[in-house]
Amino acid sequence: MKIQLPDKFDLNHPERYFLIIEVHPIQFCFLLYDPQDDFSFFYRIPENEQPNAFARFQNVFFDNEFFTLPFKKVYIINYTPIFTYVPTPLFEEKDKKEYMKFHFIGQPGKILCQNLQKPPVSILHGMPEEIYDFFHRSFEHIHIVHHTAPLIRYFRNKIQLENWNRMIVNKQGKYLDILCFSHADFLLGNHFICLQPADALCYTLFVWRQMQFNQLKDFIYVMGDKTDLIRQLQIYIQNIIPVDLTPDIPFEMTALTLCE
């Protein structure tokens, strides 16, 4: 499957651009971005007849030579529910397998670690070995990040309320991520799979109650597939803020560009 890039992308100078690829359980997608022009995005979900997301992306990758150009940076966003957070002062690299074994049954694949400085938290996340090997064979230099890392960095740095707590809710189809902050402190992060229409509301209100957030004073930011969820949350919570960075592009991808 050949992909035609817009004329505004000058591939004679690939060193200008960021390539961001999201590894997703259902579908891989990619974003080409010019950091010198905040409005230069090219987002695409490749499609062909291969039976799984990785096989579909491989076909598209080999059909399009531009993927292997020497871009300024290449990011791989690992969208996976197989992850856990560990406070960085408590984290030891040698113990990462034990941390993952404690939380997950079976082999999580390649165990990756991403250390955030602010807040000081380490994200351990698993990636299938064949996918990890493919990207390391295909690109000379890559940066693999967990899908919640750009959200944590963006909301920790961009939005800090002096007196109130805040919850971040990112819904993509049946997948739901919830992150909680108090001022600049990261309190909690979790990932849920919503099999029923009401599940996203139930999970959000459950975490809100567990965190003992205030329905009248604290804030909730909602993004992704948010219309129905916001309508339902308005019955229970006063301060609901819809967030759109770039419509139709997954929030974590555009948040990553803004955190550069």
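Residues numbered from 1 in each chain as written. Predicted model: local features only at pLDDT ≥ 70, side-chain atom pairs only at ≥ 80, totals over all residues. Heavy atoms only, no water.

J.: Is there a simple way to explain empty space enclosed by the protein in this structure?
T.: Where empty space is left becomes clear once a probe the size of a water molecule has been rolled over the atoms. A full pass over the atoms with the stated rule returns one cavity of 30 Å³ or more. Looking at the largest cavity, its volume works out to about 40 Å³. Lining the largest cavity we find Gln27, Phe28, Pro46, Ala53, Arg56 and Phe57. Its residues assigned to classes, the lining of the largest cavity shows four nonpolar, one polar and one charged. (1 Å grid on protein atoms, 1.4 Å probe; cavity = no way out; pocket = protein on both sides within 12 Å on 5 of 7 lines; lining within 4 Å. Points joined across faces, edges and corners; volume = space filled by probe spheres on them. Nonpolar A, V, L, I, M, F, W, Y, C, P; charged D, E, K, R; others polar.)

J.: Please explain the layout of surface pockets as it appears in this structure.
T.: As a volume, the largest pocket reaches approximately 480 Å³. Considering the residues around the largest pocket, the lining is formed by 27 residues, among which Gln172, Gly224, Asp225, Ile249 and Pro250 are closest to the centre. Breaking the lining of the largest pocket down by element, the ones donating at least two residues are strand 9 (165-172), strand 12 (219-224) and helix 7 (251-258). In terms of residue count, the dominant contributor to the lining of the largest pocket is strand 9 (three residues). Per-class residue counts for the lining of the largest pocket are twelve nonpolar, eight polar and seven charged. Computed from the structure, the second largest pocket encloses a volume of approximately 260 Å³. What lines the second largest pocket is a set of 18 residues, among which Val23, His24, Pro25, Pro128 and Ile131 lie closest to the centre. Listing elements by their share of the lining of the second largest pocket, those giving two or more residues are helix 1 (53-63), strand 7 (121-127) and helix 3 (129-138). (Helix = DSSP H or I, 4+ residues; strand = E, 2+ residues; numbered from the N terminus.)

J.: Can you help me understand the side chain of histidine 147 in this one?
T.: Looking at the secondary structure, you find histidine 147 in the loop between strand 8 (143-146) and helix 4 (149-158). A polar contact of 3.4 Å, which involves the side chain of histidine 147, links it to the backbone nitrogen of threonine 80. At 2.9 Å, the side chain of histidine 147 forms a polar contact with the side chain of aspartate 177. Not counting chain neighbours up to four residues away, the residues in contact with histidine 147 comprise Ile77, Asn78, Tyr79, Thr80, Phe83, Asp177, His191 and Glu252. (Polar contact = N/O pair within 3.5 Å; in protein donor to acceptor, adjacent residues only side chain to side chain. Contact = heavy atoms within 4.5 Å.)

J.: When you look at the side chain of serine 138 in this model, what are you seeing that I'm missing?
T.: Position of serine 138 relative to the elements: it lies in helix 3. Judged by relative accessible area, which is 18%, serine 138 ranks as buried. Side-chain polar atoms of serine 138 contact the backbone oxygen of phenylalanine 134, separated by 2.7 Å. (Buried < 20%, exposed > 50% of the residue type's maximum accessible area, 1.4 Å probe, protein only.)

J.: Sorry if this is basic, but what is going on with the nonpolar core here?
T.: Side chains of a nonpolar character, in soluble globular proteins, are inclined to be buried together. With 30 residues, the main nonpolar core has Leu19, Ile76 and Phe135 as its most contacted residues. Those elements that place two or more of their residues in this core are strand 1 (18-23), strand 2 (29-33), helix 1, strand 4 (73-78) and helix 3. Of the residues forming this core, the biggest block, five residues, is contributed by helix 1. If near-sequence neighbours (up to four positions away) are discounted, leucine 19 is found in contact with Phe30, Leu31, Leu32, Phe67, Phe71, Lys73, Val74, Tyr75 and Phe139. (Core = buried A, V, L, I, M, F, W, Y, C linked by side-chain atoms within 4.5 Å.)

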